[in-house]
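Examining the three-dimensional arrangement
If you want the building blocks of each chain, they are given just below.
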Amino acid sequence: MADKSFLAWPFFEDRHRSFHASLEAWSAKNLPVDHSDVDNACRNLVTRLGRDGFLNHTAPVDGNGAPDVRTLCLAREIIARYDGLADFAFALQGLGAGAISLFGTSEQRAWLKKTRAGESIAAFALTEAKSGSDVASIEMTATRNGGEYRLDGEKTWISNGGIAGFYIVFARTGEALGAKGLSAFIVPAETAGLVVAERQKTIAPHPLARLRFDNVRVPASALICKPGDGFKIAMSVLDVFRTTVGAAALGFARRALDETLQRVTERKLFGAPLAEQQMVQGHIAEMALDIDAAALLVYRAAWTKDMGAQRVSREASMAKLFATDRAQIVIDKAVQLHGAEGVRSGSVIERLYREIRALRIYEGASDVQKIVIARQTLGGA
Ligand SMILES: Cc1cc2nc3c(=O)[nH]c(=O)nc-3n(C[C@H](O)[C@H](O)[C@H](O)COP(=O)(O)OP(=O)(O)OC[C@H]3O[C@@H](n4cnc5c(N)ncnc54)[C@H](O)[C@@H]3O)c2cc1C
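In this report, the structure presented in the accompanying data block is examined. Model, not experiment: these values are computed from the prediction.

Below, the discussion takes up the nonpolar core. One finds Leu 151, Phe 170, Phe 185, Val 187, Phe 213 and Tyr 299 to be the most contacted residues of the largest nonpolar core, which totals 116 residues. Considering every element that reaches this core, the biggest residue donor is helix H6 (residues 230-266), with 17 residues. Residues contacting Phe 213, with those up to four places away along its chain left out, are Met 140, Leu 151, Asp 152, Gly 153, Lys 155, Val 169, Val 187, Gly 193 and Leu 194.

Okay, structure coming up:
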């Protein structure tokens, strides 16, 4: 059973503790799901998470901006502990709807009713083949023509690509060079000219696609905020959701430790449980330490945002960087302490080993988080 002592930390209120208990019970009953058809699995997960009220926490209903980040982090941590694909389905409803919940007009916020109910799947389309970490060099264009915009270009590695009901698409409107010439649009999946050019497979499968936009026309009302605000919108959304990526990594790491504790207690070698070997205890201590340190950074960042900070770039980057990098190490130790069982295809530990890797790449690779932290630290010197 995963450690829950952190719930007594001052970052949390009673509402967080009762949310934790109800989602823990739901997850124990409903997860993991069958991953053999990831599209259907994700559709079903979104429907069930919506029906049972958990997606209400991914976006506020009343136009108040950011969701409660501590609740989002608790949700991702719990769900990731049971099932990485379910965490993905939950998280993308928040990330995909993030630009609308933070900046949308009341008309645009109608989408949130659907994402919260699990009736429409959301997606966040920022990355292009030539502009992964270098967001300011996005090439996709959006050209104003009377009362509409015309979008042309490609997006790649888009989560929920192929199953989303709508995409938040970032494109160049050209108010200035670089970051200040980007804008964000809401593009319904069925819009003419938007096609799934390729389904992309990874070591931990989930719905992903390369999307082509060929003369895609959307009304001017699909623009979020003002022309030229796209980069600010993308970074503000990532400011909220990067911390939650750290929370998902924390969930994976906690599961790896739980599995390892059971293994080293039950496995007898040299006449005693493996847990009695001091070098094994050294690994266990390091795993527990990494998990607590990651949790402190994750919930510090979440709490700071919830307390009203406009931007938490430094805190969110620290949380994501540390929690994801250390979870990789915790899981690697779990593989080692499981021996051959740790690399058996289909085992929990093998699944965690595959699932953690991408978290150190998406929503800003680890090196990019270091740049953010260094800039903020140097700026404050
Ligand atoms: C599973 C998965 C899901 C994804 N989902 C989405 C999604 O829903 N929406 C979306 O828009 N994108 C998504 N992406 C794309 C993701 O955001 C990008 O992969 C990421 O931003 C990195 O871009 P890149 O892959 O082009 O790597 P590159 O930008 O080519 O970078 C490669 C590596 O170079 C290093 N690096 C880069 N810049 C620097 C620097 N300045 N200094 C030092 N080192 C550096 C880093 O180690 C980085 O990992 C997803 C990716 C994956 C793997």
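Moving on from the model shown.
In this section: the pairing of strand E1 (residues 122-125). Of the two faces of E1, the one lined by Ala 122 and Phe 124 and the one lined by Ala 123 and Ala 125 are each fully buried. In terms of strand pairing, E1 meets strand E4 (residues 166-172) through four bridges, oriented parallel. Its bridge partner lying in E4, Ala 125 is registered against Val 169.

Attention shifts here to the layout of surface pockets. Taken as a whole, the second largest pocket encloses approximately 320 Å³ of empty space. Lining the second largest pocket are 15 residues; nearest its centre among them are Ala 66, Leu 102, Lys 305, Ala 309 and Gln 310. Among the elements of the structure, helix H4 (84-103), H6 and helix H7 (278-306) are those that each provide at least two residues to the lining of the second largest pocket. Within the lining of the second largest pocket, the residues separate by chemical class into six nonpolar, five polar and four charged.

Close to the ligand lie 18 residues, the nearest being Phe 124, Thr 127, Ser 133, Trp 157 and Asp 367. In this structure, Leu 126 approaches the ligand through a main-chain N or O atom, which is 2.9 Å from an oxygen atom. At a separation of 2.6 Å, a nitrogen atom of the ligand approaches a polar side-chain atom of Thr 127. When the ligand sits alone it has 970 Å² of accessible area, and the protein chains cover 65% of it. Within the residue set of the shell around the ligand, elements represented by two or more residues are E1, strand E3 (148-159) and helix H10 (366-379). Sorting elements by how many residues they give to the shell around the ligand places E3 first, with three residues. A class-by-class count of the residues in the shell around the ligand yields 11 nonpolar, five polar and two charged.

Moving on: the side chain of Arg 116. Tracing the sequence through the fold places Arg 116 in helix H5 (residues 110-117). Of the polar contacts made by the side chain of Arg 116, one reaches the backbone oxygen of Ala 59; its length is 2.6 Å. When sequence neighbours within four positions are dropped, the list of residues in contact with Arg 116 reads Gly 50, Leu 55, Asn 56, Ala 59, Pro 60 and Val 61.

Turning our attention to helix H2 (residues 38-51). Between its first and last C-alpha atoms H2 spans 20 Å; for 14 residues at 1.5 Å apiece the expected length is 20 Å, and the two agree. For H2, the set of buried residues is Val 38, Asp 39, Ala 41, Cys 42, Leu 45, Val 46, Leu 49 and Gly 50. Here the buried residues of H2 occupy an arc of 160 degrees about the axis, which is enough to place them on one side. At its buried positions, H2 is contacted by helix H1 (14-30), helix H3 (69-82), H4, H5 and strand E6 (194-199). Two or three places before Asp 39, at the start of H2, stands the capping residue Asp 37, its side-chain oxygen 3.2 Å from that residue's backbone nitrogen. Directly beyond the C-terminal end of H2, a positive phi value near 90 degrees is found at Gly 53.

Each value, and the rule that gives it
- Residues numbered from 1 in each chain as written.
- Predicted model: local features only at pLDDT ≥ 70, side-chain atom pairs only at ≥ 80, totals over all residues.
- Heavy atoms only, no water.
- Core = buried A, V, L, I, M, F, W, Y, C linked by side-chain atoms within 4.5 Å.
- Buried < 20%, exposed > 50% of the residue type's maximum accessible area, 1.4 Å probe, protein only.
- Helix = DSSP H or I, 4+ residues; strand = E, 2+ residues; numbered from the N terminus.
- Contact = heavy atoms within 4.5 Å.
- Pairing = 2+ DSSP bridges.
- 1 Å grid on protein atoms, 1.4 Å probe; cavity = no way out; pocket = protein on both sides within 12 Å on 5 of 7 lines; lining within 4 Å.
- Points joined across faces, edges and corners; volume = space filled by probe spheres on them.
- Nonpolar A, V, L, I, M, F, W, Y, C, P; charged D, E, K, R; others polar.
- Near = heavy atom within 4 Å.
- Polar contact = N/O pair within 3.5 Å; in protein donor to acceptor, adjacent residues only side chain to side chain.
- Areas by Shrake-Rupley, 256 points an atom, 1.4 Å probe, with all protein chains shown as cover.
- Expected span 1.5 Å × (residues − 1).
- Arc of directions from axis to C-beta.

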